[in-house]
Amino acid sequence: MLLQHCQQILAKQPANRMLALDALRGLAILAMILVNNPGSWQYVYPPLLHAEWHGWTPTDLIFPAFLVMVGMAIPYSLAGRQMLPKAELIRQGAIRALKLYLLGLFLVLFYYNFRDPNYSYLQQKLLTVRWSGVLQRIGIVYFCTLLIVLYSGTRGRVLWLSGLCLFYFLLMQFVPYRDNYGHTFVGLWEHGNNLAAWLDHHLLGPNHVFFRSATPFAFDPEGILSTLPAIASCLSGVLMAQLLQSKAELAFKLRVLFLAGLAAIWVAELAHPALPINKMLWTPTFVLLSSGFTALMLALFLWLTEMKRYRLWTAPLLVFGVNAILFFMLAGVAARVLSMVPVAGTTLGNWLYRSAFQPLFGDYNGSLAYAICFLLLSYIGMLYCYRRGWIFKV
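Here we summarise the structure given alongside this text. Just so it is clear, the structure is predicted and the values come from calculations on it, not from any experiment. (Residues numbered from 1 in each chain as written. Predicted model: local features only at pLDDT ≥ 70, side-chain atom pairs only at ≥ 80, totals over all residues. Heavy atoms only, no water.)

Right, let's talk about the state of the cysteines for a bit. Summed over all chains, the structure comprises zero disulfides. Unpaired in this structure, Cys 144 has its nearest cysteine sulfur neighbour in Cys 234, at a distance of 9.5 Å. The partly exposed category is assigned to Cys 144, whose relative accessible area is 28%. (Disulfide = S-S within 2.5 Å. Buried < 20%, exposed > 50% of the residue type's maximum accessible area, 1.4 Å probe, protein only.)

Here's what the structure looks like:
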C-alpha cells in the first residue's frame, strides 16, 4: 500500500524537474514548518530552536538552504526562456518578487486577537506592520540575484558573491554609528547593537521590526543590510546549478559539491572566533556554513536518486517540494487560525496541546507531537493538490 502510494507520487513528477532538488526543497520547507509550529514555545528541544545569537543549530540552516535552492532554480528557469529579451525576463522577475513580498505581507497582517475586547487591528497591526519576513526576503533576494545572473557570467557571479560578503563585513566592522545619547559605536556584532540594527531602527522604524524591544536599536533578522549576504547565499545556489548543468560526469559533479561543501563549513568554523557565525546578522561565515551544508545535502540527494537510483523515499518530500510556496502559505494561515480562535480562555492551538498532546506525551514530546500532527494534516492537503496537478506558481 505504501509502496504503491510512493510509486503513484513519483509517476506524477513533472519530467522537466530535478528530482533531487524538489526533494531537498521539500525537506527544507517541511523542516521550516515543523520548527515554526510547536505545541508550546516553552517546550521545544534545543535543536529545533534558533541559536540565541552567535553560533548555530540545525534550525538555523533551513531558511538559507531554501534560499540557495531559489538560486539553483534561476539558471534552470532561464534555460527554458532563452529567446525572451532581458527586459521581459526582468519584468517577469519583478512581478514574481512583488507577489512574494505581498504574500509575506499578507501573512503578517493575517491576525486578529479575538480574545481581547480592546484589541485594535488598526493600532496594533496595520500601523505597526512588520515590513520584513521570510517571503519578503525571498522576493527581494530572488530579484537581485536574477539581475546579477542576467548581466554577468560565471566569473562575475563569483565576484558578486565574494564582493557582497566582503562589502557587508567592511560596513559592519568599520562604519561608525551613534545612539540617541550621542554614544559612538563601531565594529560591534551584538544583539541590538551593530550597524545592521542601527539601520533597521532608523529606516524601518522600531515599531516595524521583529525585535522591537532590542536595545539600543530595534532590528529585524530579515533586515536591510543583511540582505546583501543573503543575496550571496542565493548566488551560491546559482553556481551549484551551473555545475550541475555542465557536461561533466555526474560523479565529478558530486565530488565537487561534496568537497566544496566540506571546505566551506571548515572555513566558516575556523573563522568563527574572529567573525561569528550568526543567522540573524547573516554573517559571511554563516553564508559559508549554510551554503556548504546545502551543497553536502544536495550531493547526498543526487547520489541517492541518480547514482544509486533510490527514489521511492523522495515521494513524501516531493508533495511539499513542488508546491513549497503554497505549503508555506497554507501552513501559515492554518497556524494563525489556531492562534486566533478562542477556546476555553485560550487559543484553539494551545487548548489542543494542553488537552490532548501534553497529557499523552508530556511537555516536550507533546509539543513535538503537536508539530508532527500539524505536518501530517498538512501533508493530506498538499497530497490532494499534488494528485490534481495544482502547483501554485508565483
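Read on for the rest.
What follows is about helix 11 (residues 284-307). Relative to the 34 Å expected for 24 residues at 1.5 Å per residue, helix 11 spans 33 Å between its end C-alpha atoms, a close match to the ideal helical length. Most of helix 11 sits inside the fold, with 18 of its 24 residues counted as buried. Arg 309, located one to two residues past helix 11, shows a positive phi value of around 65°. (Helix = DSSP H or I, 4+ residues; strand = E, 2+ residues; numbered from the N terminus. Expected span 1.5 Å × (residues − 1).)

Here we take up the nonpolar core. Judged by nonpolar contacts, the single largest core of 89 residues is most densely connected at Ile 29, Phe 66, Leu 135, Ile 138, Leu 257, Leu 298 and Phe 327. Sort the elements by how many residues they give to this core and helix 2 (residues 19-36) lands first, with twelve residues. Not counting residues up to four positions away in its chain, the partners in contact with Leu 257 are Met 240, Leu 243, Leu 244, Ala 295, Leu 298, Ala 299 and Leu 302. In this structure, Trp 53, Tyr 168, Leu 225 and Leu 275 belong to the second largest nonpolar core, which totals 17 residues. (Core = buried A, V, L, I, M, F, W, Y, C linked by side-chain atoms within 4.5 Å. Contact = heavy atoms within 4.5 Å.)

Residues Trp 266, Val 267, Leu 270 and Leu 288 make up a contiguous nonpolar surface patch of about 410 Å² in total accessible area. Ranked by residue count, the leading element in the nonpolar patch is helix 10 (residues 250-271), at three residues. Looking at where Val 267 falls in the secondary structure, it is placed in helix 10. (Patch = residues over 30% accessible without salt bridge, like charges linked within 9 Å, V, L, I, M, F, W, Y side chains within 5 Å. Areas by Shrake-Rupley, 256 points an atom, 1.4 Å probe, with all protein chains shown as cover. Salt bridge = Lys/Arg side-chain N within 4 Å of Asp/Glu carboxyl O.)

A complete count under the given rule lists 22 aromatic pairs for this structure. Ring plane angle 85° and centroid distance 6.3 Å describe the contact between Tyr 111 and Tyr 119, whose orientation is recorded as edge-to-face. Since its relative accessible area comes to 9%, Tyr 119 is described here as buried. Within the aromatic cluster, the residues linked to one another by ring pairs are Tyr 111, Tyr 112, Phe 114, Tyr 119 and Tyr 121. Note that Lys 86 overlies the ring of Tyr 151, its terminal NZ or CZ placed 4.6 Å from the centroid. Over the aromatic face of Tyr 142 sits the side chain of Arg 96, whose NZ or CZ is 4.8 Å from the ring centroid. (Phe/Tyr/Trp six-rings, centres within 6.5 Å; stacked < 30°, edge-to-face > 60°. Lys NZ or Arg CZ within 6 Å of the ring centre and 35° of its normal.)

The subject of this paragraph is unusual backbone geometry. Of the consecutive residues Thr 215 and Pro 216, the connecting peptide bond is found in the cis state with omega at 0°. Note that Pro 216 resides in the loop between helix 8 (195-203) and helix 9 (227-245). Even without being a glycine, Trp 282 presents a positive backbone phi close to 50°. Inspection of the secondary structure puts Trp 282 in the loop between helix 10 and helix 11. The phi dihedral of Arg 309 falls on the positive side, at around 65°, and the residue is not glycine.

Let us look at the layout of surface pockets. If you add up the space inside the second largest pocket, you get close to 1100 Å³. Those elements that place two or more of their residues in the lining of the second largest pocket are helix 2, helix 3 (62-79), helix 4 (86-109), helix 6 (134-150) and helix 13 (324-340). Counting residues per element, the lining of the second largest pocket draws most heavily on helix 3, which supplies eight residues. Of the residues contributing to the lining of the second largest pocket, the split by class is 21 nonpolar, seven polar and eight charged. (1 Å grid on protein atoms, 1.4 Å probe; cavity = no way out; pocket = protein on both sides within 12 Å on 5 of 7 lines; lining within 4 Å. Points joined across faces, edges and corners; volume = space filled by probe spheres on them. Nonpolar A, V, L, I, M, F, W, Y, C, P; charged D, E, K, R; others polar.)

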